[in-house]
Amino acid sequence: MSDMTTKKSQAKRPLSPKRKEQSRREFLRSSVLTVGVVGVSLLGIIPVVQGTSIRLRPPGAIKTPFDEQEFFASCIKCGQCVQVCPVNAIKLADLEDGFGIGVPYIDARTQACDFSCDGLQCVLACPTGALTHHLDYPADTRMGFARLARPRACLAVQGKGFKGQARGPDYEGLLRYDEVDRWNPISVADHPYDLELCDLCVRQCPIEIRITQCAEKAKQAEASGDSGKIARVAEQHGNECPPKHAIVLEPFELPNGETRMKPVVKEGCVGCGVCEMICPVESAAIVIDLDKTTDTLGG
Amino acid sequence: MRYIRDSLSQIFGNKPRRPSKAEQPPELLEIYQGKKGNLSKADVEAVRHEHHTGCCNKWQRRRWITLILVNVLFVVSYYFDVQLLEGALTASRFVGFHMADLNSALQVALAYKHIVLNLVIGTATVFIMWLLLGGRTFCSWVCPYHLLAEWAEYLHLWLVKKKLIKNHTFNRKVRGVFYVIFALLALISGYTVFETISPTGILSRALIYGPGVALIWVGALLLFEVFYSRRAWCRYVCPIGVTYGVVGVLSPLRVKYNAEACHHEGDCRKICMVPHVLDLTVRGAAHDVNQDVGADCTRCGMCVDVCPTGSLVYEFKGLSKLL
């Protein structure tokens, strides 16, 4: 190509040897620059191929368990989802995620998504549809699936209760406690517990909380004989009653015949990560699996 | 028509075409003829001195203030949760109204192959906005990397002056090559590959959401520009500039050059970030007595500031008579 351009300009006006040498060097330098810059940008595929860029994503992220390609392609990396989250659960990935740079993720152990926004504001804020708008209620989302990873570490399995701050006094995570403040999340450290049997993962599960609230409302409605109206109120709050349970404490028998309780993850789990966040055991006994959702569990 | 053709040609790296004498109007030739040997060095110095005693760096100051304000507005909006300008430079909402960077939107569209309505609204808004304000105005009036690179450029020029380093140029056509490569990469790979290394996106996010490892890449780029090649990223690589440049071809905001006042001493070309657009200030290179600087111009206004005779001025086509 350099020959061609040289010939062409020669036809117009012969170049001095010095100019010719300069343009040859410029061409070589430009080629190296092209290869260099494109090469560096393509290095971004390494974390993607290695799977180290796979993380818990905000509600509605378009992805299949092992393939986030579509999500990375559609995300414009603006962080508008980060800005609307009331518990600051969403963070943006850095350069070590390669092509995933600037893409939102959630580190559940540090701060999970507790749906305290009610209306899935992150989904509404997304300008490109990377967080799909085909999502009306928290229970519709498919972020992952909880799994009791270390059953022996689980306090309920050990038959132990829990007293104090779930994650210690220095923990900065937030949760919305409806009984404290309907609209504003508060620090988990400001809300100590005193439980005979630890059931924090069930107690704080946003899906379970909603189911309980719906059940109470239904009971009230039945008492007053006005069920239709109550259903509409629930919808107005943007938190329609979840159709299925996400996590419950179920009894099981030890080899010695003793009965204990353990958390069992149910079909309604959306993978928000609150159970992983609130688990007082270090490191968490219950974690979120990213490669599983209720849609991919099968059966 | 010639403005559009020449602008596009320059954006994609061709040298500005010099007109033959036959193509230049007689008034222009007369002006060139009249200036031959008429100005002594002392005359030029006198005019320069007069100019510099007045104002200096007026446009540069306004530009830096604008650039910093826009970026601070993003930061403040998030930090104090005032919802004025949410998001980052790649896509944002200004008082609730969607805006999307044209090049980021293009990359997403090519990679995702599906465009949602909000992105259409955002892209159209920005397209119209930059159609009015001028395409590459984005580069020097908004882009945070531009400001850092401008300071790196001063350092580079100082080092060159001290003869500590040499500037290495590249072929300007390489920017067009990058543009095509990054568009193809997005289309074929399905990833917004350019975003991985875009210092505009990285810096904008770092300012708003806090610094990260990615700043090392921005630092490396700046070092490359300081020690090896003057303003390399903006001049030879960045596809954002190309996208805005192409939009800017139709923009009514331009820098107008008047050949009559010009002394051809070349101060403007020395400070210009994209000096090829000012080739028309060379004696004998203009097509007309009054000619607009091509759309690859970032409208930074440094030439307007530095020109001792006011032969380079901002102009908003069709409005200048009203203003």
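Residues numbered from 1 in each chain as written. Chains lettered and ligands numbered in written order. Predicted model: local features only at pLDDT ≥ 70, side-chain atom pairs only at ≥ 80, totals over all residues. Heavy atoms only, no water.

Moving on, we come to the overall build of chain B. Each helix and strand counted, chain B has 16 helices and six strands in total. Compactness check: chain B gives a C-alpha radius of gyration of 21 Å against a globular reference of 20 Å for 323 residues, within 12% of the reference. For the C-alpha atoms alone, the extent of chain B along its principal axes is close to 60 × 45 × 40 Å. Burial status across chain B gives 53% buried among its 323 residues. Considering only residue pairs separated by 6 or more positions, chain B has 76% of its internal contacts joining residues 24 or more positions apart. For chain B, the exposed surface amounts to about 14,700 Å²; the carbon and sulfur share of it is 67%. Counting 36 positive and 23 negative side-chain charges, chain B places the averaged centre of each group 5 Å from the other. (Helix = DSSP H or I, 4+ residues; strand = E, 2+ residues; numbered from the N terminus. Rg over C-alpha atoms; globule rule 2.2 N^0.38 Å. Buried < 20%, exposed > 50% of the residue type's maximum accessible area, 1.4 Å probe, protein only. Contact = heavy atoms within 4.5 Å. Areas by Shrake-Rupley, 256 points an atom, 1.4 Å probe, with all protein chains shown as cover. Lys, Arg positive; Asp, Glu negative; His and termini not counted. Charge placed at Lys NZ, Arg CZ, Asp CG, Glu CD.)

Time to look at the environment of Arg18(B). Residues and elements named next belong to chain B. For arginine 18, the location among the structural elements is in the loop between α1 (2-11) and α2 (26-35). Residues arginine 18 and histidine 287 lie 269 residues apart in sequence; the distance between their C-alpha atoms is 7.9 Å. The contacts of arginine 18, once residues within four sequence positions are left out, are Val282 and Ala285.

Quick look at the interface of chain A and chain B now. If you look at the interface, chain A gives 42 residues, while chain B gives 49 residues. Taken together, both faces of the contact between chain A and chain B bury some 3,900 Å²; the carbon and sulfur share is 66%. When the area that chain A buries against chain B is broken down by residue, the three leading residues are Arg29(A), Ile76(A) and Gln83(A), summing to 17%. Taken together, chain A and chain B are joined by zero salt bridges. Remark: the boundary between chain A and chain B carries 18 residue pairs in polar contact (both at pLDDT 80 or more). Of all elements in the fold, only α2 (17-42), α4 (69-74) and α5 (80-84) of chain A reach the threshold of two or more residues within the side of chain A that touches chain B. The biggest single contributor to the side of chain A that touches chain B is α2(A), with 12 residues. (Buried area = accessible area lost by both parts, 1.4 Å probe. Salt bridge = Lys/Arg side-chain N within 4 Å of Asp/Glu carboxyl O. Polar contact = N/O pair within 3.5 Å; in protein donor to acceptor, adjacent residues only side chain to side chain.)

To continue, consider the sheet that holds strand β2 (residues 91-94) of chain B. Residues and elements named next belong to chain B. Read across the open sheet, the three strands follow the order β1-β2-β3; overall the sheet is antiparallel. Among the strands making up the open sheet, the edge pair consists of β1 (85-88) and β3 (97-100). Going across the sheet, the axis of each strand differs from the next one's by a mean of 15°, ignoring polarity. Where β1 lies against β2, four bridges are found, and the strand directions are antiparallel. (Pairing = 2+ DSSP bridges. Axes fitted to C-alpha atoms, helices over the stretch in contact; angles between N-to-C directions.)

The next thing to look at is the state of the cysteines. In the structure shown here, the tally under the stated rule is one disulfide over all chains. The disulfide partner of Cys214(A) is Cys241(A), and the gap between their sulfur atoms is 2.0 Å. Around the S-S axis, the bridge from Cys214(A) to Cys241(A) shows a dihedral of about -95° and counts as left-handed. Of this pair, Cys214(A) sits in helix α8 (residues 206-224) while Cys241(A) sits in the loop between α9 (227-236) and β8 (247-253), placing them 27 residues apart in sequence. Of all cysteine sulfurs in the structure, the one in Cys201(A) sits closest to Cys198(A), which takes part in no disulfide; the separation is 6.6 Å. With no disulfide of its own, Cys297(B) lies closest to Cys303(B) among cysteine sulfurs, the gap being 6.2 Å. (Disulfide = S-S within 2.5 Å.)

Applying the stated criterion to the full structure yields 19 aromatic pairs over all chains. Relative to Tyr244(B), the ring of Trp130(B) has its centre 5.9 Å away and its plane inclined at 75°; by these criteria the two rings are edge-to-face. With a gap of 114 residues between them, Trp130(B) in helix α6 (residues 117-133) and Tyr244(B) in helix α14 (residues 239-248) connect regions that are remote in the sequence. Exposure class is identical for Trp130(B) and Tyr244(B). Each is buried. Each member of the aromatic cluster is reached from another via a ring pair, and the members are Phe71(A), Phe72(A), Phe99(A) and Tyr191(B). Seen from the ring of Tyr171(A), Arg167(A) lies directly overhead, with NZ or CZ sitting 4.3 Å from the centre. Stacked on the ring of Tyr3(B), the Lys or Arg Arg254(B) has its end atom at 3.8 Å from the ring centre. (Phe/Tyr/Trp six-rings, centres within 6.5 Å; stacked < 30°, edge-to-face > 60°. Lys NZ or Arg CZ within 6 Å of the ring centre and 35° of its normal.)

A separate point is the packing of helix α4 (residues 58-79) of chain B against helix α11 (residues 199-209) of chain B. Residue and element names in this part refer to chain B. α11 packs onto α4 with a crossing angle of 40° between their chain directions and a minimal axis gap of 8 Å. Judged by the inter-axis angle, α4 sits oblique to α11. You can see that α4 and α11 cross each other, and the crossing is right-handed. Note on element contacts: α11 touches α4 through Leu207, Ile208 and Tyr209, opposite Asn71, Phe74, Val75 and Tyr78. Broken down by class, the residue content of the contact of α4 with α11 amounts to six nonpolar, one polar and no charged. (Parallel < 35°, antiparallel > 145°, perpendicular 65-115°, else oblique. Left-handed = near helix turned anticlockwise from the far one by under 90°. Nonpolar A, V, L, I, M, F, W, Y, C, P; charged D, E, K, R; others polar.)

What follows deals with the environment of Val116(B). Note that Val116(B) resides in the loop between α5 (102-112) and α6. Residue contacts for Val116(B): discarding those within four places in its chain leaves Pro127(A), Thr128(A) and Gly129(A).

Let us now look at the pattern of salt bridges. Within the structure shown, the criterion is met by 29 salt bridges over all chains. For Arg210(A), the salt bridge identified is with Asp118(A), shortest N-O distance 3.8 Å. Placement of the pair is Arg210(A) in helix α8 and Asp118(A) in the loop between β2 (104-106) and α6 (121-125), with a sequence separation of 92 residues. Summarising the burial analysis for this pair, Arg210(A) and Asp118(A) share the class buried. A salt bridge links Arg175(B) to Asp296(B), with the nearest nitrogen and oxygen atoms 2.9 Å apart. A residue pair is termed long-range when its members are at least 10 positions apart, and Arg175(B) in helix α9 (residues 174-189) and Asp296(B) in the loop between β5 (290-292) and α16 (302-306) qualify at 121 residues.

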